[in-house]
Amino acid sequence: KRNVPALSKSYHVIVPDLRGHGESDKIRAGYHVARLAMDLKNLIDHLCLRDGAIKAIGTSLGAAILWSYSELFTTRAFSHMVFVDQAPLQNYLEGWGPEFGNLGCNSVDALHAMQRSLVESPKEAHLGTIAACLGYRSHPQPGDPTSDSSEWKDDEAFFLAEALKGNGWWYGKLMADHTANDWRHPIALSFGPGSGSKTRVLVMASSRSGCFPAAGPLKVVELVNGEEKNGLAKGTTVDWGGHWCYWE
């Protein structure tokens, strides 16, 4: 008998640039999470993607966009969602402290300092972000790339060039909205028991994240599952990368 290869499914990967980012238009409005969720809805409708056909991955701000989308339009469009290294609340509020919240941008003062830096010294601001988001920089280990390696230099050049395509003032406005939002209740209502959601969820945290302690993102698993032992959400903590672990 001949060995006949099994037929494989074909998948399309869609990676949109958010408004104001990358190659997207730099329009001077709409830099808040709900507007970005609406942009995602417009894209899904434009491509005529059927309900339940989409597997979505959102990292950091991308996770918040998916939570906002789900609150506004339900989770019907998605069979699966992956949330990478984003806690449902960044600030230290209502019993939510440094064991869960953002390690840097977690207060009004920290936000204002970031906004000033994005306007007055954008290159330095973005280099700081890169240092916090790549695990080999925020939590270096033996054998990791060093500052004189080609990987270190290539990563820095790529991320810096992409970041500088946007406007620092508008980035600051977006960060203000992103930092202020508390997604704990919307996640429970959109994904949790009684919501009717059938979307399966994977939460990825990182032990080497320069942005969140792993316990913060993993709280999303509890919010989705509620009291159910075999709920729709699972969580994992990786050590092979930081906040941008998919890159590493």
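This is a predicted model, so every value here is computed, not measured.

Visitor: Explain unusual backbone geometry here, please?
Guide: For residues that are not glycine, phi is negative in most cases, and the peptide bond is trans in most cases. For Cys48, which is not a glycine, the phi torsion comes out positive at approximately 55°. Within the fold, Cys48 resides in the loop between helix H1 (33-46) and strand E1 (54-59). Phi at Glu94 takes a positive value of approximately 50°, unusual for a residue other than glycine.

Visitor: What am I meant to see in the state of the cysteines here?
Guide: Here a disulfide denotes a covalent bond joining the sulfur atom of one cysteine to the sulfur atom of another. Summed over all chains, the structure comprises zero disulfides. Not engaged in a disulfide, the cysteine Cys133 finds its nearest cysteine sulfur in Cys211; these two sulfurs lie 3.8 Å apart.

Visitor: Help me understand the packing of helix H8 (residues 184-191) against helix H9 (residues 215-225), please; the structure alone is not making it clear to me.
Guide: The description of two packed helices rests on the angle between their axes and on the distance between the axes. Across the interface, H8 lies against H9 with an axial gap of 7 Å and an inter-helix angle of 45°. Classified by the angle their axes make, H8 and H9 are oblique. Every pair of crossing elements has a handedness; the one defined by H8 and H9 is right-handed. Counted together, Arg184, Ile187, Ala188 and Phe191 of H8 and Val220, Leu223 and Val224 of H9 form the full contact between these two elements. Classifying every residue of the contact of H8 with H9 gives six nonpolar, no polar and one charged.

Cut-offs used in this document
- Residues numbered from 1 in each chain as written.
- Predicted model: local features only at pLDDT ≥ 70, side-chain atom pairs only at ≥ 80, totals over all residues.
- Heavy atoms only, no water.
- Helix = DSSP H or I, 4+ residues; strand = E, 2+ residues; numbered from the N terminus.
- Disulfide = S-S within 2.5 Å.
- Axes fitted to C-alpha atoms, helices over the stretch in contact; angles between N-to-C directions.
- Parallel < 35°, antiparallel > 145°, perpendicular 65-115°, else oblique.
- Left-handed = near helix turned anticlockwise from the far one by under 90°.
- Contact = heavy atoms within 4.5 Å.
- Nonpolar A, V, L, I, M, F, W, Y, C, P; charged D, E, K, R; others polar.

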